Amino acid sequence: MGRDLMPLYYAIVKHFEGGAEDCAEGVVRALEADYGSYKLLTRPDVEEALATAKENGLLDETRCDLDGNGELRIYYRVSDFGADMMRRYLGR
């Protein structure tokens, strides 16, 4: 963890930069290499971060389905507002 990483919440939102669609499981997999030692990089915690980002207007829900265990899986994509905020505050 000696690398200079941005806070996990920012990394979760930045994961959607460029318009990619993903769900909490995909975010966890994508960030595992850098943030794997973080206690909050779990599906439930990432789901909460994604729901918060949606409520703040940064992400839009795109679809939902059930995973292999019958758990609801919600997919998100960055909103226009979220893309603008990322450009302004998280850099490119």
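Structure first, text after, so check above.
What counts and what doesn't
Residues numbered from 1 in each chain as written. Predicted model: local features only at pLDDT ≥ 70, side-chain atom pairs only at ≥ 80, totals over all residues. Heavy atoms only, no water. Pairing = 2+ DSSP bridges. Helix = DSSP H or I, 4+ residues; strand = E, 2+ residues; numbered from the N terminus. Axes fitted to C-alpha atoms, helices over the stretch in contact; angles between N-to-C directions. Parallel < 35°, antiparallel > 145°, perpendicular 65-115°, else oblique. Left-handed = near helix turned anticlockwise from the far one by under 90°. Contact = heavy atoms within 4.5 Å. Buried < 20%, exposed > 50% of the residue type's maximum accessible area, 1.4 Å probe, protein only. Arc of directions from axis to C-beta. Expected span 1.5 Å × (residues − 1).

### A few points about the pairing of strand S1 (residues 59–66)
And step 1. Sheet topology note: the S1/strand S2 (residues 72–78) ladder contains 7 bridges and is antiparallel. Paired with Cys64 across the bridge in S2 is Ile74.
And step 2. Counting the residues between successive antiparallel strands, the hairpin from S1 to S2 contains 5 residues, one of them, Gly70, with a positive phi of roughly 80 degrees.

### So, the packing of helix H2 (residues 24–35) against helix H3 (residues 43–55)
And step 1. In the contact formed by H2 and H3, the axes pass within 9 Å of each other and the chain directions differ by 110 degrees. One way to sum up the angle between H2 and H3 is to call them roughly perpendicular. In terms of crossing hand, the pair formed by H2 and H3 is right-handed. Facing H2, whose interface residues are Ala24, Glu25, Val27 and Val28, H3 presents Arg43, Val46, Glu47 and Leu50.

### Remarks on helix H4 (residues 80–89)
And step 1. When H4 is considered as a whole, its buried residues turn out to be Gly82, Met85 and Met86. Each buried residue of H4 sits inside an arc of 100 degrees when the element is viewed along its axis, so together they form one side. Pointing more than 90 degrees away from the buried face of H4 are the exposed residues Asp80, Arg87 and Arg88.
And step 2. Backbone geometry just downstream of H4 places Gly91 in the positive-phi region, at approximately 75 degrees.

### A closer look at H2
And step 1. Helix length check: H2, at 12 residues, gives a terminal C-alpha distance of 14 Å against a target of 16 Å (1.5 Å per residue), a shortfall beyond 12%.
And step 2. Restricting attention to buried positions, one finds in H2 the residues Ala24, Gly26, Val27, Val28, Leu31 and Tyr35.
And step 3. At its buried positions, H2 is contacted by helix H1 (8–14), H3 and S2.

### Focus: the environment of Cys64
And step 1. Of note, Cys64 is situated in strand S1.
And step 2. For Cys64, a relative accessible area of 51% puts it in the exposed group.
And step 3. Along the sequence, Cys64 and Asp80 sit 16 residues apart, while their C-alpha atoms lie 20 Å from each other.
And step 4. Apart from the residues within four sequence positions on either side, Cys64 is in contact with Leu72, Arg73 and Ile74.

### Some remarks on the side chain of Ser79
And step 1. In this structure, Ser79 sits in the loop between S2 and H4.
And step 2. For Ser79, a relative accessible area of 6% puts it in the buried group.
And step 3. Setting aside residues up to four positions removed in sequence, Ser79 forms contacts with Gly57, Leu58, Leu59 and Asp60.

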